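Architecture and fold: a report
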There are 2 protein chains.
Amino acid sequence: MTVETDESFGGVTPDAARRLLLGAVQAFAERGFHATTTRDIAGRAGMSPAALYIHYKTKEELLFHISRVGHERSVAVLEEAVEGAGDSAGRLAAAVRAFVRWHAEHHTTARVVQYELAALGEEHYARIVVLRRRSEEILREVLQEGVATGQFAVEDIRGTTLAVVSLCIDVARWFSPEGRRTPDEIGELYAGLALRMAGYRDGGR
Amino acid sequence: MTVETDESFGGVTPDAARRLLLGAVQAFAERGFHATTTRDIAGRAGMSPAALYIHYKTKEELLFHISRVGHERSVAVLEEAVEGAGDSAGRLAAAVRAFVRWHAEHHTTARVVQYELAALGEEHYARIVVLRRRSEEILREVLQEGVATGQFAVEDIRGTTLAVVSLCIDVARWFSPEGRRTPDEIGELYAGLALRMAGYRDGGR
DNA sequence: CGCGGCACTAAGCGGGCGCTCACCCGCAGG
DNA sequence: CCTGCGGGTGAGCGCCCGCTTAGTGCCGCG
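Residues numbered from 1 in each chain as written. Chains lettered and ligands numbered in written order. Predicted model: local features only at pLDDT ≥ 70, side-chain atom pairs only at ≥ 80, totals over all residues.

**A word on the overall build of chain A**
Here is the rule we go by: Each helix is a run of H or I in the DSSP string that is no shorter than four residues. Each strand is a run of E no shorter than two, and both are numbered from the N terminus. We take the radius of gyration over the C-alpha atoms and set the globule estimate at 2.2 Å times the residue count to the 0.38 power. Whether a residue is buried, exposed or partly exposed is read from the other C-beta atoms within 10 Å of its own C-beta, which are placed from the backbone; 20 or more gives buried, 12 or fewer gives exposed, and intermediate counts give partly exposed.
A tally of regular secondary structure across chain A gives 10 helices and zero strands. The order of helices and strands in chain A, counted from the N terminus, is α-α-α-α-α-α-α-α-α-α. Relative to a compact globule of 205 residues, whose C-alpha radius of gyration would be 17 Å, chain A shows 19 Å and is just as compact. For chain A, the spread of C-alpha atoms along the principal axes amounts to about 60 × 40 × 30 Å. Relative to its full complement of 205 residues, chain A shows a buried share of 44%.

Written out as structure tokens, the structure is:
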């Protein structure tokens, strides 16, 4: 079986460590962390089980690396999208479009990032939670700004932010490349839905 | 540790079988199916590991029972809410309110139902998928009806339905009884958001 | 009161898990 | 040409998993 490439981990060296990471992402996404064996991961990377422990201390450390890099990428995507995208409506649309696209395009990584958190050790979990808060903050600021300028009409900003973030994240759960929609199309659809959730009026589309 | 009661499984007999089911729900929700041991489940039910196999053939069969009963309950809740709740806007609001409340109140069961599907055997999985389609159909029909009567404005009915269902389901992932919102409040908030997603205009709240 | 049946347990089997250890290449530096 | 060393392997340790089996206590019934 070929290991699908994913530019998120392009910078990881040496080569063997990256192959292990990619194999682990695949396996964790398909079966979940606990149902994945180190023999399976090593096999996907074309190595013996023992080789895994040259590059990573434990199976859990592999998960932590995936989770950390994945969160950093998704937050970076969100930050880029929000910067310099016009008014609040433009920023919200751009943010949701980009965040959703990332979760669809990288649904294997995203699945691990979003749904295997509980398998992290306590210390690693705490470090990941910090990163997670960032993505919520970014969207909340956009909503807040839009409400302040009168472009949006939202009573419960915290709750609505949570709902928008939740909507985007859940894409990773159900998205399939064999499905009828491309990541771009879903991003576009969801950007429009997020604007509606924010109470934005653009003339009635 | 006390086993939290959950009326979803109130009708299961004998008593020991129900206790095992409740213990399994708790354990699966906390740690996931694969990380849960039969010894843990039996322990929560106050029994020896072997007792589990008098009432269920395998650990996977326990998961299947939980998944089946859980899906049946959530679909029933949705159907009740849709029946006799006025116009399309009223029906959509009632449906989302009830569906979200169920996912928040029974977040342990819902977590298992929504996120441990992959651990089911092929045959059991196929039987569950049939039940899952029902909930999406119910919401799609409401949206369709509202668009037909002009109360809603939705271009992509399938996609919007998917988004609404996804939004509701994801409540099970993040909800915590220690959080700042009650299931009722979240249901209310989400009902309003769903109406906005459907393009319903009620005068500008 | 004896007996069949059934819910349940103590003990444990076979196997696969995460992880380790002793050893082995190929190659850069002297 | 020898040497050291970092990336790799084969074999396997100790553990705990899902599940089974042989046996036990108890309860209703003739």
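After presenting the structure, the write-up continues.
**What to know about the UniProt feature "DNA-binding region" (unreviewed entry) in chain A**
Convention followed: UniProt positions are given in the numbering used here, feature names are shortened, and annotations may be inferred rather than shown by experiment.
Here, UniProt's "DNA-binding region" (unreviewed entry) annotation points to residues 37–56 of chain A. Across residues 37–56 of chain A, the secondary structure splits into 55% helix and 0% strand, with the terminal C-alpha atoms separated by 14 Å.

**A look at the protein's contact with DNA strand C**
Using the following cut-off: Only the C-beta atom matters for this test: placed from the backbone, it must lie within 6 Å of a molecule or strand for the residue to be near it. Three categories are distinguished: nonpolar for Ala, Val, Leu, Ile, Met, Phe, Trp, Tyr, Cys and Pro, charged for Asp, Glu, Lys and Arg, and polar for the others, with Gly belonging to the last.
DNA strand C sits among 15 residues. The nearest are Thr37(A), Thr58(A), Ser48(B), Ala50(B) and Ala51(B). When its residues are assigned to classes, the surface near DNA strand C shows nine nonpolar, four polar and two charged.

**A few points about helix 7 (residues 122–148) of chain B**
Residue and element names in this part refer to chain B. For the record, the criterion: A helix is expected to span 1.5 Å multiplied by its residue count minus one. Whether two residues are in contact is decided by their C-beta atoms, placed from the backbone, lying within 7 Å.
A rise of 1.5 Å per residue sets the reference length of helix 7, with its 27 residues, at 39 Å; its end C-alpha atoms lie 39 Å apart and thus fit the reference within 8%. Residues Ser135, Leu139, Val142, Leu143 and Gly146 constitute the buried set of helix 7. Packing partners of the buried residues in helix 7 comprise helix 4 (59–82), helix 5 (88–105) and helix 8 (157–169). Just past helix 7, the residue glycine 150 takes up positive phi, approximately 85 degrees.

**Quick word on the relation of the copies chain A and chain B**
Definition in use: To superpose the copies, least squares is applied to the C-alpha atoms of every residue with a pLDDT of at least 70 in both.
Expressed as a screw transformation, the operator carrying chain A onto chain B has a rotation angle of 180 degrees and an axial translation of 0.0 Å, and the superposed copies differ by an RMSD of 0.0 Å. Those values place the two copies in the arrangement expected of a two-fold rotation axis. A share of 95% of the interface residues of chain A reappears at the interface of chain B, consistent with the copies meeting face to face through the same patch.

**Observations concerning the interface of chain A and chain B**
With 22 residues of chain A in contact, the opposing surface of chain B contributes 22 residues. Elements with a contribution of two residues or more to the side of chain A that touches chain B: helix 8 (157–169) and helix 10 (183–197) of chain A. Of all the elements, helix 8 of chain A adds the most residues to the side of chain A that touches chain B, at six residues. Its residues placed into classes, the side of chain A that touches chain B shows 11 nonpolar, seven polar and four charged.

**Topic: the UniProt feature "domain: HTH tetR-type" (unreviewed entry) in chain A**
UniProt records the feature "domain: HTH tetR-type" (unreviewed entry) at residues 14–74 of chain A, using the numbering of this structure. Helix and strand shares over residues 14–74 of chain A are 72% and 0% respectively, and the end C-alpha atoms of the span are 23 Å apart.

**What about the nonpolar core?**
What counts, and what does not: Only buried residues count toward a nonpolar core: Ala, Val, Leu, Ile, Met, Phe, Trp, Tyr and Cys, linked into one set through C-beta atoms within 7 Å.
Of all hydrophobic cores here, the largest spans 116 residues; its most connected members are Val96(A), Tyr190(A), Ala194(A), Val96(B), Tyr190(B) and Ala194(B). Tyr190(A) has contacts with Val96(A), Val100(A), Leu167(A), Cys168(A) and Ala163(B), leaving out every residue within four places of it along the chain.

**Concerning the environment of Gly43(A)**
Residue and element names in this part refer to chain A. Relative to the assigned elements, glycine 43 resides in helix 2 (residues 38–44). Given 15 C-beta atoms within 10 Å, glycine 43 falls into the partly exposed group. Separated by 27 residues in sequence, glycine 43 and alanine 16 have C-alpha atoms that sit 12 Å apart.

**Observations concerning the domain arrangement of chain A**
Residue and element names in this part refer to chain A. Keep this limit in mind: Domain segmentation is taken from an automatic or database assignment of domains.
The domains assigned to chain A are domain 1 (7–57) and domain 2 (60–197). Here the C-alpha centroids of domain 1 and domain 2 sit 26 Å apart. Contacts between the two partners involve 14 residues from domain 1 and, on the opposite side, 15 residues from domain 2. Tallied by class, residues from the side of domain 1 that touches domain 2 come to nine nonpolar, four polar and one charged.

**Observations concerning the packing of helix 1 (residues 15–31) of chain A against helix 6 (residues 107–115) of chain A**
All names here are of chain A. Test applied: Lines are fitted to the C-alpha atoms to define the axes, a helix being fitted only along its stretch in contact, and any angle between axes, read from their N-to-C directions, falls within 0 to 180 degrees. To sort the angles, those under 35 degrees are grouped as roughly parallel, those over 145 as roughly antiparallel, those from 65 to 115 as roughly perpendicular, and the leftovers as oblique. By the definition used in this description, the sense in which the near helix is turned from the far one sets the handedness, with an anticlockwise turn below a right angle giving left-handed and a clockwise turn giving right-handed.
The N-to-C vectors of helix 1 and helix 6 enclose an angle of 70 degrees; their axes lie 8 Å apart at closest approach. Here helix 1 lies roughly perpendicular to helix 6, going by the angle between them. For the element pair helix 1 and helix 6, the recorded crossing hand is left-handed. The segment helix 1 lies against helix 6, with Val25, Gln26, Phe28 and Ala29 engaging Thr108, Thr109, Arg111 and Val112. Its residues placed into classes, the contact of helix 1 with helix 6 shows four nonpolar, three polar and one charged.

**Structural notes on helix 8 of chain A**
In this model helix 8 of chain A runs 18 Å from its N-terminal to its C-terminal C-alpha over 13 residues, within 8% of the 18 Å that 1.5 Å per residue would give. Among all positions of helix 8 of chain A, only Thr160(A), Thr161(A), Leu162(A), Ala163(A), Val164(A), Val165(A), Leu167(A), Cys168(A) and Ile169(A) are buried.

**So, the environment of Glu188(A)**
Of note, Glu188(A) is situated in helix 10. For the pair Glu188(A) and Val100(A), spaced 88 residues apart in sequence, the C-alpha to C-alpha distance is 8.9 Å.

**Considerations on the environment of Tyr200(B)**
Residues and elements named next belong to chain B. Position of tyrosine 200 among the secondary structure elements: in the segment after helix 10 (183–197). For tyrosine 200, a count of 19 C-beta atoms within 10 Å puts it in the partly exposed group. Along the primary structure tyrosine 200 and glutamine 151 are separated by 49 residues, whereas in three dimensions their C-alpha atoms are 6.2 Å apart. With near-sequence residues (within four places) excluded, tyrosine 200 lies in contact with Ala89, Gln151, Phe152 and Leu195.

**Things to note about the packing of helix 5 (residues 88–105) of chain A against helix 8 of chain A**
Relative orientation and spacing of two packed helices are given, respectively, by the angle between their axes and the distance between those axes. Residues and elements named next belong to chain A. In contact at an axis separation of 8 Å, helix 5 and helix 8 are set at 35 degrees when each is read in the N-to-C sense. Taking contact as the criterion, the partners of Val96, Phe99, Val100 and His103 in helix 5 are, on helix 8, Val164, Cys168 and Ile169. Residues belonging to the contact of helix 5 with helix 8 are distributed by class as follows: six nonpolar, one polar and no charged.

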